Amino acid sequence: FANSILLLLTAVALSRQAVGRLIFGGAEVDTSQLLPVALAGLGVNVLGICLFSEHHAHIGAAPCRGCDADGGTSSNMAAVLLHVAADALGSLGVIASSLLIRSFGWTLADPICSLLISVLITLSAWPLVAQSAQVLLQRTPHMLADGRRDECLAQL
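These numbers come from a predicted model, not from an experiment.

A. Main features of the side chain of S114. Along the chain, the position of S114 falls in helix α4 (residues 109–136). Among the polar contacts made by the side chain of S114, one reaches the main-chain carbonyl oxygen of D110 at a distance of 2.9 Å. For S114, the residues in contact, after removing those within four places along its chain, are L14, A18 and R21.

B. Inspection of α4 at higher detail. With 28 residues, α4 ought to run about 40 Å at 1.5 Å a step, and its terminal C-alpha atoms sit 40 Å apart, in line with that. Trailing α4 by a residue or two, Q138 shows a phi angle of about 60°, which is positive.

C. Molecular detail of the pattern of salt bridges. In the structure shown here, the tally under the stated rule is one salt bridge. The residue D110 makes a salt bridge to R21 at a minimum N-O spacing of 3.2 Å. Here R21 lies in helix α1 (residues 2–24) and D110 lies in helix α4, a separation of 89 residues in the sequence.

D. Spotlight on α1. Counted at 1.5 Å a residue, the expected span for α1 with its 23 residues is 33 Å, and the 33 Å between its end C-alpha atoms agrees. All of the buried residues in α1 are S4, L7, L8, A11 and A18.

E. Here's a closer look at the nonpolar core. Among the nonpolar cores identified, the biggest contains 11 residues, and these are L7, L8, A11, A79, L82, A86, I117, I121, A125, L128 and V129. The set of elements that each furnish at least two residues to this core consists of α1, α3 (75–104) and α4. Examining the composition of this core, we find that five residues originate from one element, α4, more than from any other. If you look at the next biggest cluster of nonpolar residues, it comprises five residues, including L35, A38, L42 and I95.

What counts, and where the lines are drawn
- Residues numbered from 1 in each chain as written.
- Predicted model: local features only at pLDDT ≥ 70, side-chain atom pairs only at ≥ 80, totals over all residues.
- Heavy atoms only, no water.
- Helix = DSSP H or I, 4+ residues; strand = E, 2+ residues; numbered from the N terminus.
- Polar contact = N/O pair within 3.5 Å; in protein donor to acceptor, adjacent residues only side chain to side chain.
- Contact = heavy atoms within 4.5 Å.
- Expected span 1.5 Å × (residues − 1).
- Salt bridge = Lys/Arg side-chain N within 4 Å of Asp/Glu carboxyl O.
- Buried < 20%, exposed > 50% of the residue type's maximum accessible area, 1.4 Å probe, protein only.
- Core = buried A, V, L, I, M, F, W, Y, C linked by side-chain atoms within 4.5 Å.

And the structure:
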């Protein structure tokens with residue numbers, strides 16, 4: 001829950017900064033250092049997405065610590081993957097804006113890409129906020145909402 005809220009707050013702060021740069025103009029952007037760092041960041045984030053992806057194999061073994069009893073991805077692993085994906089989106093936005101600034105001198109690319117990144121982060125984090133809020137409110141899990149709840153309670 002905290003991770004998804006932090007992502008939403010990051011998106012709000014990013015939007016606020018981007019709007020300020022659109023209205024009042026931004027500082028000069030030095031793409032000679034920004035682009036290599038963004039490319040390295042994207043590489044690390046892509047590696048993280050591959051490592052934390054839900055498509056890992058158990059090869060007939062019991063679910064790993066990151067999976068729930070049914071073999072699905074837990075909310076914690078979904079939050080980790082979401083956080084790494086948000087970082088990758090940030091790297092892609094920085095790369096795109098750096099290339100536009102370097103190639104065309106279009107400095108508005110930086111705040112516009114920042115706004116797009118904040119929208120994508122918000123859209124991806126909101127479902128996790130809703131799901132984790134339901135867990136904190138102790139609602140019936142969606143996988144048991146089809147009537148299996150009574151069956152599970154009867155086994156207790």
